[in-house]
Amino acid sequence: MNGFDLTINNLLETAVMNNGDQKIVYMDRSLTYKEFYKNAMNLSKNLIKIGVNRKDVIAVIDYDSLMYMYGYYSIPMIGAVMHTVNIRYPPEIIFYTMQRADDSYIMIDEVFMDLIVKNAAYLNFIKGIIVNSKDHKHFDINIPVYYFDDLLKDSDLEFKEPDENDTATLFFTSGTTGLPKGVSFTHRQLVLHSIASIGALSNEPIKYNINDVVMPLVPMFHVHAWGIPYTSIMNGIKYVLPGKYDIPRILETMNKEKVSMSAMVPTILYMLISDKNAKQLLQDLNLKVIIGGAALSRGLAERARAYGIDVVSGYGMSETAPILTLAVYNRKVINKSDEEKFEFRLKTGIPIPMVSLRVVNNNKDVENNGKEIGEIIVRAPWLTNGYIKDKEKSEELWKDGWLHTGDLAVIDEYGYIKIVDREKDAIKSGGEFIPSLILEDLISTIQGVNEVAVVAKADDKWGERPVAFINGNASLDEIKIKMSEFVDTGRIAKFWVPDDFIFVNEMPKTSTGKIDKKVLRDKLR
Ligand code: AMP
């Protein structure tokens, strides 16, 4: 052991040595990596001064702000644990997760303080609240309050750095079925996840590098914003923080800062390109966007392409830190034509370095034929060890030494996987499986379909039948004609055609912005 641990501390230190003059931008502020490092170190030291101990858990409650970015570094750098709180949960679930995580401090923007002040009675386990309030507003609460800017002041306190196996972060899954489950990650896992992600991202068509300007639109509470706050700083990239997701302002900022790279769930991409100024503000950016969290449909990818946006799929989950695959080009694909390569970006991708991924059916690996469906199971150095305080679910997750994703996929001759469904969402009609994501992909290409979700409806005869929910102004006749075409050309089986097409003005969304199929299924009951 040479004493150099894989820690967030070392990740930041070398990034600052290499690219100390690179910028981090938030609203009308811009600061260099070097200034960020100085402030982050002061914050670390002052957190210790107010009483934060190693292993203490600090809940961060904010939009994607500069304070959040400090949290990503300053909290783990002293061996404490950052709990990224999902601000879109209902209050009772927020408090449930805070209690279950054993949070002892809160780092919060003043705009969220009402929630805390009103519910202080449920928060008797909290020892202190660090508030970002420019005017040092007074809060009527019995818990000690510290002001965030005070904690950035110079301090010469010395502290012991964490070990690479210390826990650095924790957060809770989206919880679409049952209560959210907690997962945690160590420094070592996060550093390895960053290195492997950068390795994969350096490939075509992303080629993520020092000339890029990144503005992630993955909430910082959602699986480390897919690791981008770490990978980008490690790679010396200009980082633009979006704040609250106000689409017109985000588009203006993207244009002003010449953002070249982003990442988001499909819903956010749909919202971006639906804005009336999107074309004008985005078209000269050569924007690359990683789409993850849910399948990238062909219809959305094609619409984005018309806006000059280069989309690429990525896949992962809360339990996996998150990145498992990216649809970058491998050697078998890289020399194909642009049109052919576009098809590969719509797949779920190839495993990033150090991810061992299998698609298995009845304990046997499926053939690489793009047809046989199995469950994705994975191993990698950065997967969560299990769920916080839930032995049973942890054992289920890690059956036979592999993490079971519950995602169903095929794998093609080029080694690219494509998720066709989630076990939980799978539709079984007459004992036969109907892959909802393949149907959604095709329906998304029909003129006037903006968003689509296919879910199971209980059926006396068949057990279940598919029903498609559609947001858009497509005509039902046109949809039916297209569905017959898909059947006639052999793209889908006849029995896959949904029994009903239900038009909605808005799709229900989960707390992480994905279409909430559970709500749609409930509507059908
Ligand atoms: P979460 O833990 O909330 O981020 O959700 C993870 C789940 O989102 C995965 O298990 C998949 O079901 C789904 N998911 C993520 N990325 C993709 C993708 N590229 N294609 C299809 N489903 C995805």
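This structure is a prediction, so every number in the text was calculated from the model and none was measured.

1. A closer look at the overall build of the protein chain
If you tally the helices and strands in the protein chain, you get 16 helices and 26 strands. Taking 525 residues into account, the globule formula puts the C-alpha radius of gyration at 24 Å, and the protein chain, at 23 Å, falls close to it. Seen along its three principal axes, the alpha-carbon backbone of the protein chain occupies a region of about 75 × 50 × 50 Å. Burial statistics for the protein chain: of 525 residues in total, 59% are counted as buried. Residue pairs at least 24 apart in sequence account for 68% of intrachain contacts in the protein chain once pairs closer than 6 positions are excluded. If you sum the accessible surface of the protein chain, you get close to 22600 Å²; carbon and sulfur atoms cover 47% of it. Charged side chains in the protein chain number 62 positive and 70 negative. The centres of these two groups are separated by 1 Å.

2. Thoughts on the nonpolar core
The biggest cluster of nonpolar side chains holds 158 residues, and the ones touching the most others in it are Leu47, Tyr73, Met98, Ile116, Ile129, Met254 and Ile309. Once residues within four sequence positions are removed from consideration, Ile116 is found in contact with Ile61, Phe95, Ile106, Ile108, Leu123, Ile129 and Ile141. Core analysis: the next-biggest nonpolar cluster, separate from the first, contains 19 residues, Val449, Val454, Ile470 and Trp496 among them.

3. Some details on the sheet that holds strand S17 (residues 356-361)
Strands sit in the order S18-S17-S19-S20-S21 across an open sheet of five strands; the sheet is antiparallel. Taken across any chain shown, the strands that pair with only one partner, and hence form the sheet edges, are strand S18 (364-365) and strand S21 (417-422). Sheet topology places S17 next to strand S19 (residues 374-379); five bridges connect them, and they run antiparallel. Of the residues in S19, the one forming a bridge with Ser356 is Arg379.

4. A word on the domain arrangement of the protein chain
Domain annotation for the protein chain reports domain 1 (8-185) and domain 2 (427-524). Taking only C-alpha atoms, the centre of domain 1 and the centre of domain 2 are 41 Å apart. At the interface, six residues of domain 1 touch six residues of domain 2. Counting across the domain 1 and domain 2 interface gives two residue pairs in polar contact (both at pLDDT 80 or more).

5. What to know about the side chain of Ser194
Among the structural elements, Ser194 can be located in helix H6 (residues 187-201). Assessed through its relative accessible area of 1%, Ser194 is described here as buried. At a separation of 2.8 Å, a polar atom in the side chain of Ser194 contacts the main-chain carbonyl oxygen of Leu190. Filtering out sequence-adjacent residues up to four positions away, Ser194 remains in contact with Leu11, Tyr230, Thr231 and Met234.

6. Details of the sheet that holds strand S6 (residues 128-132)
Read across the open sheet, the seven strands follow the order S7-S6-S5-S3-S4-S8-S9; overall the sheet is mixed. Of all the strands in the sheet, the pair left with one neighbour each is strand S7 (145-147) and strand S9 (182-186). The mean inter-strand angle of the sheet, taken between neighbouring strand axes irrespective of direction, is 25°. Bridging between S6 and S7 involves three bridges; their strand directions are parallel. Looking at the pairing, Ile129 lines up with Val145 of S7. Packed on one face of the sheet, H6 meets strand S8 (167-172) and S9 and runs near 80° to S9.

7. Some words on the pairing of strand S25 (residues 463-472)
Of all 10 residues in S25, seven are buried; the element is thus mostly enclosed. Of the pairings in the sheet, the one linking strand S24 (residues 449-459) to S25 comprises 10 bridges and is antiparallel in character. Following the sheet pairing, Lys457 is matched in S25 by Arg465. Linking two consecutive strands that pair antiparallel, namely S24 and S25, is a turn of three residues. In the sheet, S25 pairs with strand S26 (residues 500-503) via four bridges, with the strands oriented parallel.

8. Let's talk about the packing of helix H9 (residues 266-274) against helix H11 (residues 298-305)
At a minimum axis separation of 11 Å, H9 and H11 run at an interaxial angle of 40°. Classed by the angle they form, the pair H9 and H11 counts as oblique. Here H9 and H11 pass one another in a crossing that is left-handed. Every residue of H11 that contacts H9 at Pro266, Leu269, Tyr270 and Ile273 is listed here: Leu300, Arg303 and Ala304.

9. Structural notes on the packing of aromatic side chains
The full count for this structure, using the stated rule, is 11 aromatic pairs. Both rings, one in Phe36 and one in Tyr70, keep their centres 4.7 Å apart while their planes meet at 10°; by these two values the pair is stacked. Here the residue Phe36 occupies a position in helix H2 (residues 33-50), and Tyr70 occupies one in helix H3 (residues 66-77), the gap between them amounting to 34 residues. Look at Phe36 and you get buried, because its relative accessible area is 1%. For Tyr70, a relative accessible area of 1% puts it in the buried group. Ring geometry for Phe36 against Tyr73: centres 5.6 Å apart, planes inclined by 85°, an arrangement best described as edge-to-face. Note that Phe36 is positioned in helix H2 and Tyr73 in helix H3, a separation of 37 residues in sequence. Relative accessible area serves as the criterion here: at 0%, Tyr73 is assigned to the buried category. One residue, Arg305, lies across the ring of Phe342, its end atom 3.8 Å from the ring centre.

10. Some words on the pattern of salt bridges
By the definition in use, this model includes 27 salt bridges. A salt bridge links Lys55 to Asp166; the nearest nitrogen and oxygen atoms lie 3.8 Å apart. One end of the pair, Lys55, is in the loop between H2 and strand S3 (57-61); the other, Asp166, is in the loop between S7 and S8, with 111 residues separating them in the sequence. Linking Lys391 and Glu395 is a salt bridge whose minimum nitrogen-to-oxygen distance equals 3.7 Å. You can see Lys391 and its partner Glu395 sitting in helix H13 (residues 391-397), four residues apart, about one turn around the helix. You can call Lys391 exposed: its relative accessible area is 65%. Members of the salt-bridge network, linked through shared partners, are Arg54, Lys55 and Asp166.

Rules of the game
Residues numbered from 1 in each chain as written. Predicted model: local features only at pLDDT ≥ 70, side-chain atom pairs only at ≥ 80, totals over all residues. Heavy atoms only, no water. Helix = DSSP H or I, 4+ residues; strand = E, 2+ residues; numbered from the N terminus. Rg over C-alpha atoms; globule rule 2.2 N^0.38 Å. Buried < 20%, exposed > 50% of the residue type's maximum accessible area, 1.4 Å probe, protein only. Contact = heavy atoms within 4.5 Å. Areas by Shrake-Rupley, 256 points an atom, 1.4 Å probe, with all protein chains shown as cover. Lys, Arg positive; Asp, Glu negative; His and termini not counted. Charge placed at Lys NZ, Arg CZ, Asp CG, Glu CD. Core = buried A, V, L, I, M, F, W, Y, C linked by side-chain atoms within 4.5 Å. Pairing = 2+ DSSP bridges. Domains from an automatic or database assignment. Polar contact = N/O pair within 3.5 Å; in protein donor to acceptor, adjacent residues only side chain to side chain. Axes fitted to C-alpha atoms, helices over the stretch in contact; angles between N-to-C directions. Parallel < 35°, antiparallel > 145°, perpendicular 65-115°, else oblique. Left-handed = near helix turned anticlockwise from the far one by under 90°. Phe/Tyr/Trp six-rings, centres within 6.5 Å; stacked < 30°, edge-to-face > 60°. Lys NZ or Arg CZ within 6 Å of the ring centre and 35° of its normal. Salt bridge = Lys/Arg side-chain N within 4 Å of Asp/Glu carboxyl O.

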